[in-house]
Amino acid sequence: MKIMRRFVSGIVGLTMLLTGCATTNQANNSRLDLIKKRNELICGVSGKIPGFSFLESDGSYKGLDVDICKAFAAAFIGDAKKIQFRPLTAAERFTAIKTGEIDLLSRNTTFTLSRDSSEGNGLSFAPVVFHDGQGLMVKQESGLNNLEDLANKSICVGSGTTTEQNINDAFESASLPYTPIKYQDLNQVVAGYLQGRCSAMTSDRSQLAAARSGFKDPLDHIILDDVLSKEPLAPASDGQDQKLGDAMRWVIFALISAEEQGITKSNIYEKVQLAKNNPELKPLRRFLGIDGGLGEKIGLSNDFVVKVISSTGNYGEIYERNLGKNSEVPIPRGLNELYTKGGIHISPPFN
Amino acid sequence: MFNINSDSINTLFQKVRKLLFSNLFNTVLSLVILLIISLVFFNIYKWFSLNSSWEVVTTNLPLYAFGSFPTDQQWRPATWMICLLFISLLTLFGPKWKWLRKNLLLAWIITIPLGLYLLYGGFGLSPIMSRQWGGLTLTLLLTIFSALLSLPLGIILALCRQSSLPLIQKSSSIYIDVMRAIPLISVLFFGQLLIPLFLPVGIEIDRVWRAIFAFTLFLSAYIAEDLRGGLQSIPNTQIESANSLGLNQVQIIRFILVPQALRIALPSLTNQAIGLFQNTSLMAILGLVELLGVGRSILANPEFIGQYIEVYVWLASVYWMVCTIMAVLARHLEQRMTINKTNFQKL
């Protein structure tokens, strides 16, 4: 078969050609420069988590994770719209960063040691944007208010998960008895809870809130203030790229710091005027990039804070928009409040 | 008129009686089955009319069709899909004029570059990257391109497996056996997760094309086996007579083996195509927003949380509709390709 031989030699030739191309390596630049040159940010999101990232009817993405992406785009490029969302599954997300398919990840990723370490996934995490944790949901009419009230009650839980382990630990350390009712997955847990098989159900608080917003009467159910585990969710980027990591870190801190200083989307330009007219407001002038040249030190423009706040608002505004009281997936702020209001969000000084 | 009517009713009645109520056991069985069927229908009707809310489908129709393709450019995939539908209908009902019938194949082939041009843009249209493709457009694209690429590869593999050169024969049978021993989902995972790790930095193959690549690798092994059945059913005497006529190897393959093998394998190839179309839904768990992926993303929208049944019923009906069109087209093709008496008379 002559044709076959020709075909095989063709394949061999093509392979050699491809490997030849492969040796042209990319210059060892920071991803940040690439983003600016491309004039577009490629952001990995989930696309399937209510309140965090989901598809709107008009085909655009929305949610807390998405707004964080927009803040990055505003800071890096100066335009929150120059952004491409790449929906990723949990399995793909770290490969996508390693291979450079995406610039950064804003996809409900829990900050852990093994993901941060160079021996593990080799990521670099920005500050936590949402402190999730395992919570408990009960019916309003039951009058249950905290973990102690649930003594001797039954609790619906997904079996074989860390969730099950956490609830067990919590009750054991408080030396309270309870009855776990185990189900295979979250949907069954929800069904069991709604059918009244248990007094409370337990899962991550964001998931509880999402499940609740699908109930017929969401207001009849409350999520207790007790938090049984730590699930700090943070944006991440390639651990080898310190420049990009630094820039991301300070964009998040800017969002938090702006909330602390009462700088919002609506008053940002007034604040800029105020800072320009009053040379004695030194911290504000540094923060808004009038003095100090802080932005340039992390590879951004000096007024990156102004660009970020004017396009997405501060952290509190982002939270209210996606997870606040009037949103469709209301989650009480709890740990996600500022440190001045009983939460743990705090920004180091912009010096 | 009344008479005829009552007569026909009478015969119908008797037919029913004979079929369903011929003896006691049959009667009981029929009644039970009828009861179950009517209960099922009643419940479905009740759900449709009372409990279901189809807003999740109606407000998101463009999303199901085109994914997050830019709104002002959505006429492009729409044009492509309408073209495909139009040519399908034309193939089924149209061809009275001879020139049209002759050019139908050409029209089908043209839809492929046309689709690529409309989706990618360039040359006057604004360029759109494949990551913005989605919905039914992406599902169709995955199906068409995987099928198109795996058919020639499958033919080559099948021919290699029949080859007299041991190295070629062995390597192609090993490839086919290995591919058939691996589940499709693991091939797809390989395509989406491992290929980018193997490739050097700087070379990046698009996710859509990686998926098409994986589907092609998998499907070509199956197509090769289907074709092998066709090839083996061609009697050896045909090859001998072709040899004695002075045809060379390439000519024998082109004019005698492949056309007959394709015709014989057509029903099972149709099967593969329909299977492929449904298997593209596996890409939803690998992060492509094709038809099922769009459905899942919409379900995460707080406005539509918990409306699983409506979305999945709707998706099932879309899949069903496209599969039916494919099956009908394939049956039509089969009928056209069978060697019937008129063809023999011409000989």
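Here the residue numbers are simple positions, counted from 1 along each chain's written sequence. Chain labels run from A onward and ligand labels from 1 onward, assigned in the order the entries are written. In keeping with the model being predicted, local features are shown solely for residues with a pLDDT of at least 70 and side-chain atom pairs are shown and tallied solely at 80 or more, while totals for entire chains, interfaces and linings include all residues.

Re the sheet that holds strand E9 (residues 134–139) of chain A
Residue and element names in this part refer to chain A. As summarised here, the arrangement of the five strands in space is E11-E10-E12-E9-E13, forming an open sheet in which the pairing is mixed. Because the sheet does not close on itself, it has two edges, and the strands there are strand E11 (179–183) and strand E13 (221–223). Strand-to-strand twist of the sheet, defined as the mean angle between neighbouring strand axes without regard to direction, takes the value 30°. Only when DSSP finds a minimum of two bridges between them are two strands counted as paired. Helix and strand definitions here come from DSSP, where helices need a minimum of 4 consecutive H or I residues and strands a minimum of 2 consecutive E residues; each element is numbered from the N-terminal end. Looking at chain direction, E9 and strand E12 (residues 200–204) are connected through five bridges and run antiparallel. Residue Val138 lies in a different strand from E12, and its bridge partner there is Ala200. Contact between two residues is assigned whenever their backbone-derived C-beta positions fall within 7 Å. Every axis in this analysis is a line fitted to C-alpha atoms, fitted for helices over the stretch in contact. Angles between the N-to-C directions lie between 0 and 180 degrees. Contacts from helix H7 (residues 186–194) reach strand E10 (154–158), E11 and E12, with the element oriented near 160° to E10. Packed on one face of the sheet, helix H8 (residues 205–213) meets E9, E12 and E13 and runs near 120° to E12.

What to know about the domain arrangement of chain A
Residues and elements named next belong to chain A. Segment limits for the domains were obtained from an automatic or database-derived domain assignment. Domain annotation of chain A identifies domain 1 (32–130 + 233–341) and domain 2 (134–229). Listed by partner, the interface residues are nine residues for domain 1 and eight residues for domain 2. Each residue gets one of three labels, nonpolar for Ala, Val, Leu, Ile, Met, Phe, Trp, Tyr, Cys and Pro, charged for Asp, Glu, Lys and Arg, and polar for the others, Gly among them. In terms of residue class, the side of domain 1 that touches domain 2 is built from six nonpolar, two polar and one charged.

Focus on the pairing of E11(A)
Of the strand pairs in this sheet, E10(A) and E11(A) are connected by five bridges, and their pairing is parallel. Looking across to E11(A), one finds that Cys156(A) is bridged to Ile181(A).

A look at the pairing of strand E1 (residues 41–45) of chain A
Residues and elements named next belong to chain A. Among the five residues that make up E1, five are buried, leaving the element largely enclosed by the rest of the structure. Because side chains alternate across E1, one face comprises the buried residues Leu41, Cys43 and Val45, and the other comprises Ile42 and Gly44, equally buried. As paired strands, E1 and strand E5 (residues 83–87) are joined by five bridges and run parallel to one another. If you follow Cys43 over to E5, its bridge partner there is Phe85. Pairing analysis gives two bridges linking E1 to strand E6 (residues 104–105), with the strands arranged parallel. What sits directly across from Gly44, in E6, is Leu105. To assign burial, the other C-beta atoms lying within 10 Å of each residue's own C-beta are counted, with C-beta atoms placed from the backbone; 20 or more indicates buried, 12 or fewer indicates exposed, and intermediate counts indicate partly exposed.

Overview of the interface of chain B and chain A
Taken together, the contact pairs 35 residues of chain B with 37 residues of chain A. Secondary-structure elements contributing two or more residues to the side of chain B that touches chain A are helix H7 (135–162), helix H9 (184–198), helix H12 (249–279) and helix H13 (291–299) of chain B. Top element by residues in the side of chain B that touches chain A is H9(B). It accounts for four residues. Its residues assigned to classes, the side of chain B that touches chain A comprises 19 nonpolar, twelve polar and four charged.

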